[in-house]
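So you can see what is in the structure, the chains are spelled out below.
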Amino acid sequence: MSLVLDAAAQDLLFREARTANSFSDEPVTEEQVQAIYDLVKFGPTAFNQTPLRITLVRSAEARERLVKHMAEGNQAKTAAAPLVAILSADNEFHEELPQLLPHFPQAKDAFFSERPVREQSALVNASLQAAYFILGVRAAGLAAGPMTGLDFAGVQKEFLDADHTPLTVVNIGKPGENAWFPRSPRLDFDQVVTTV
């Protein structure tokens, strides 16, 4: 093997990890979420920006408000998951750059003074961070069920504001009974990788 990461960790994060469609009743604690974030915050982004925002949906009232914006096939599992997170991109992330990039604080104005540029950068880099978050959930021994089958405008209006763009909703918890669909195929190396 050419990988340094041991086989058990490779399985936990990738080979055996699956999108869960049902969850046990075991709660996901604040300590677990904190540990996940404290791990994944180190994933690389451009200019060390941190546009990802995580909205934890814990209360029954908030869950009900969210479920009505999910696609029909995602409603029951979102209603039943121990924890649901709305992952969004903060389009005003540049305000934090002087703190996050102390050796180049002028990056805030030099590169991100225009809103369309910020929105594009926030989308790309928050999406990277969302992928890190899903891997962090797996590293915590939990399953993640990321979903994009939802009314994005409705979720934004219900939970966010005009400066935050929803990316995905993630159900989180220990897998329940019949949590997995059969694994779908993946493309082979030669179908994806080109050398020039």
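Residues numbered from 1 in each chain as written. Predicted model: local features only at pLDDT ≥ 70, side-chain atom pairs only at ≥ 80, totals over all residues. Heavy atoms only, no water.

K.L.:
Got a sec to walk through the packing of helix H2 (residues 30-40) against helix H7 (residues 115-139)? Specific residues and values, please.
P.N.:
Here H2 crosses H7 at 130°, and the two axes come no closer than 9 Å. When the axes of H2 and H7 are compared, the pair comes out oblique. As H2 packs across H7, the resulting crossing turns out to be right-handed. Contact residues: H2 offers Ile36, Leu39 and Val40, while H7 offers Tyr132, Phe133, Gly136, Val137 and Ala139. Residues of the contact of H2 with H7, tallied by class, amount to seven nonpolar, one polar and no charged. (Axes fitted to C-alpha atoms, helices over the stretch in contact; angles between N-to-C directions. Helix = DSSP H or I, 4+ residues; strand = E, 2+ residues; numbered from the N terminus. Parallel < 35°, antiparallel > 145°, perpendicular 65-115°, else oblique. Left-handed = near helix turned anticlockwise from the far one by under 90°. Contact = heavy atoms within 4.5 Å. Nonpolar A, V, L, I, M, F, W, Y, C, P; charged D, E, K, R; others polar.)

K.L.:
I'd like a description of the side chain of aspartate 90, backed by residues and values.
P.N.:
In this fold, aspartate 90 is placed in strand E2 (residues 83-90). Within the structure, aspartate 90 has its side chain in polar contact with the backbone nitrogen of glutamate 92 (distance 2.8 Å). Discounting residues that sit within four places of it in the chain, aspartate 90 has contacts with Pro51, Arg53, Ala122, Asp163 and His164. (Polar contact = N/O pair within 3.5 Å; in protein donor to acceptor, adjacent residues only side chain to side chain.)

K.L.:
Mind laying out the pattern of salt bridges, listing which residues take part and the relevant values?
P.N.:
Counting across every chain of the model gives 13 salt bridges. The closest approach of N and O atoms between arginine 65 and glutamate 61, which form a salt bridge, is 3.2 Å. Of this pair, arginine 65 and glutamate 61 both sit in helix H3 (residues 60-67), four residues apart, which is roughly one turn of the helix. You can call glutamate 61 partly exposed: its relative accessible area is 47%. The shortest N-O distance in the salt bridge between arginine 115 and glutamate 92 comes to 3.0 Å. Of this pair, arginine 115 sits in helix H7 while glutamate 92 sits in the loop between E2 and helix H5 (97-100); the two residues are 23 residues apart in sequence, bridging distant segments of the chain. Taken together, the salt bridges that share partners define one network made up of Glu92, Arg115, Arg118, Glu119 and Asp163. (Salt bridge = Lys/Arg side-chain N within 4 Å of Asp/Glu carboxyl O. Buried < 20%, exposed > 50% of the residue type's maximum accessible area, 1.4 Å probe, protein only.)

K.L.:
Please provide a residue-by-residue account of H7, values included.
P.N.:
If you check H7, its first and last C-alpha atoms are 35 Å apart, about what 25 residues at 1.5 Å a residue would give, namely 36 Å. Positive phi appears at glycine 141, one or two residues downstream of H7, with a value of about 80°. (Expected span 1.5 Å × (residues − 1).)

K.L.:
An account of the sheet that holds strand E4 (residues 164-173) is needed here, citing residue identities and associated values.
P.N.:
On the basis of which strands lie adjacent, the open sheet formed by four strands has the order E1-E2-E4-E3 and antiparallel pairing. With partners counted over all chains shown, the strands left at the sheet margins are strand E1 (52-57) and strand E3 (143-147), one partner each. Mean inter-strand twist for the sheet, computed between neighbouring axes without regard to direction, equals 30°. Pairing of E2 with E4, which is carried by eight bridges, proceeds in the antiparallel orientation. Directly across from alanine 85, in E4, lies its bridge partner valine 170. The strands touched by H7 are E1, E2, E3 and E4; relative to E2, the strand with the most contacts, the crossing angle is about 155°. Where helix H8 (residues 152-159) meets the sheet, it contacts E2 and E4, and its direction lies at approximately 90° from that of E4. (Pairing = 2+ DSSP bridges.)

K.L.:
Mind laying out helix H4 (residues 72-80), listing which residues take part and the relevant values?
P.N.:
Three or more residues of H4 are buried, namely Asn74, Lys77 and Thr78. Each buried residue of H4 sits inside an arc of 105° when the element is viewed along its axis, so together they form one side. Turned more than 90 degrees from where H4 packs its buried face, Glu72, Ala76 and Ala80 sit exposed. Residues of H4 that are buried in the fold lie against H3, E2, E3 and E4. (Arc of directions from axis to C-beta.)

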